[in-house]
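Structural overview for review
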Amino acid sequence: MLFVYNLLVEITIILLRILSPISIKINFFISEHNKSLEKIKEFNIKEDKKRLWFHCASLGEFEQSKPLIQKIKSKYPKSKIIISFFSPSGYQIGKNYKFADFVCYLPFDSKKNVNSFLNIIKPSLIFLIKYEFWPNYINLITEKKTPVFSVCTRVYKNQYIFKPYGNWLLNLIKKINHFFVQDESSKKLLTKNGFKNLSLIGD
């Protein structure tokens, strides 16, 4: 199924580029991501520094990550904070965040992009906020044995990962080291589906 997913990702990227000249929103989205790819190439945090990568889909997830980031920075001031976003709304607010050492868009989840991104930033620890489960990222992160945590995890019984066609992704995210879930219903649902590495922490 990962092969099929990768094929769909490549098709989606091509379609977005085709549509970008006729859609202001898509054009802005593609343009911003392209600029970010160039920015990532200039990443220069030294490898001897602890690099903690937080991925937030948008602004809401970013707000949820702030208390954890600030706590880490207060206790480990020499650690470096990397934040990635998928949506422009999160990035435009988060790009000037004072506790971040590097902020960028998350490159599209193609095998080539994922390999390049991880080889450049070389994260020491990874925090995925809420329900950002990108298959190629999770697959390669776990292959590299980099500790990865899902924070403020929230899932629903009608979510695609709990459907028969999403079972492959459900099994993939079980490789995440630990889930700090947002509510009791999410904990129960994940437990029912074979997850054991769970803690209830609230929002």
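Whatever comes next refers back to the structure up there.
Note that the structure is a prediction, hence the values are computed from the model and not measured.

Before going further, it helps to spend a moment on the sheet that holds strand 2 (residues 80-85). For sheets, the rule is that strands pair by backbone hydrogen bonds, running either parallel or antiparallel. The sheet built from 7 strands is open, its strands ordered 3-2-1-4-5-6-7 with parallel pairing. Of all strands in the sheet, those bounded by a partner on one side alone are strand 3 (102-105) and strand 7 (198-200). If you compare each strand with its neighbour and ignore which way they point, the axes differ by 20° on average. For strand 4 (residues 125-129) and strand 5 (residues 148-153), the ladder comprises 4 bridges, and the chain directions are parallel. Bridged to Ile-129 within strand 5 is Val-151. Helix 3 (residues 59-75) rests against strand 1 (51-56), strand 2, strand 4 and strand 5 of the sheet, and its axis sits at about 165° to strand 1. Strand contacts of helix 8 (residues 184-192): strand 5, strand 6 (178-181) and strand 7, with the helix running at about 165° to strand 7, the strand carrying the most contacts.

Counting residues in hydrophobic clusters, the biggest one holds 34 residues, and the most contacted among them are Trp-53, Phe-117, Ile-173, Ile-176 and Phe-179. Counting 19 residues, the second-largest nonpolar core is a separate cluster that includes Ile-69, Ile-72, Tyr-97 and Cys-152.

Turning our attention to helix 2 (residues 24-40). If you check helix 2, its first and last C-alpha atoms are 24 Å apart, about what 17 residues at 1.5 Å a residue would give, namely 24 Å. Taken together, the buried positions of helix 2 are occupied by Phe-29, Ile-30, Glu-32, His-33, Ser-36 and Ile-40. Projected down its long axis, helix 2 carries its buried residues within an arc of 165°, all on one side. Counted as exposed and oriented over 90 degrees from the buried face of helix 2: Ile-24 and Lys-35. Elements in contact with the buried residues of helix 2: helix 1 (2-19), helix 4 (88-94), strand 3 and helix 5 (111-121).

This brings us to the pairing of strand 4. Counting buried positions over the 5 residues of strand 4 gives 4, a clear majority of the element. Pairing between strand 1 and strand 4: 4 bridges, direction parallel. Considered in strand 4, the bridge of Leu-52 is made with Leu-125. Crossover connection from strand 4 via helix 6 (residues 135-143) to parallel strand 5: handedness right-handed.

What follows covers the packing of helix 5 against helix 6. Close contact between helix 5 and helix 6 brings their axes to 9 Å; oriented N to C, the two are set at 45°. With respect to each other, helix 5 and helix 6 are oriented oblique. For helix 5 against helix 6, the interelement crossing comes out right-handed. Contacts between helix 5 and helix 6 pair Lys-111, Val-114, Asn-115, Phe-117 and Leu-118 from the former with Asn-136, Tyr-137, Leu-140 and Ile-141 from the latter. For the contact of helix 5 with helix 6, the per-class residue count stands at 6 nonpolar, 2 polar and 1 charged.

Between its first and last C-alpha atoms helix 1 spans 26 Å; for 18 residues at 1.5 Å apiece the expected length is 26 Å, and the two agree. For helix 1, the full list of buried residues reads Tyr-5, Asn-6, Val-9, Ile-13 and Leu-16. All buried residues of helix 1 lie within an arc of 100° about the axis, which places them on one face of the element. Relative to its buried face, helix 1 has exposed residues pointing more than 90 degrees away, namely Phe-3, Leu-8 and Ile-18. Elements in contact with the buried residues of helix 1: helix 2, helix 5, helix 6 and helix 7 (167-173).

Turning next to the environment of Lys-78. Of note, Lys-78 is situated in the loop between helix 3 and strand 2. Between the C-alpha atom of Lys-78 and that of Arg-51, which follows or precedes it by 27 residues, the distance is 9.6 Å.

Scoring rules and cut-offs
- Residues numbered from 1 in each chain as written.
- Predicted model: local features only at pLDDT ≥ 70, side-chain atom pairs only at ≥ 80, totals over all residues.
- Heavy atoms only, no water.
- Pairing = 2+ DSSP bridges.
- Helix = DSSP H or I, 4+ residues; strand = E, 2+ residues; numbered from the N terminus.
- Axes fitted to C-alpha atoms, helices over the stretch in contact; angles between N-to-C directions.
- Contact = heavy atoms within 4.5 Å.
- Core = buried A, V, L, I, M, F, W, Y, C linked by side-chain atoms within 4.5 Å.
- Buried < 20%, exposed > 50% of the residue type's maximum accessible area, 1.4 Å probe, protein only.
- Expected span 1.5 Å × (residues − 1).
- Arc of directions from axis to C-beta.
- Right-handed = clockwise from strand over helix to strand, strands pointing away.
- Parallel < 35°, antiparallel > 145°, perpendicular 65-115°, else oblique.
- Left-handed = near helix turned anticlockwise from the far one by under 90°.
- Nonpolar A, V, L, I, M, F, W, Y, C, P; charged D, E, K, R; others polar.

These results come straight from atomic positions and should not be treated as a statement about function.
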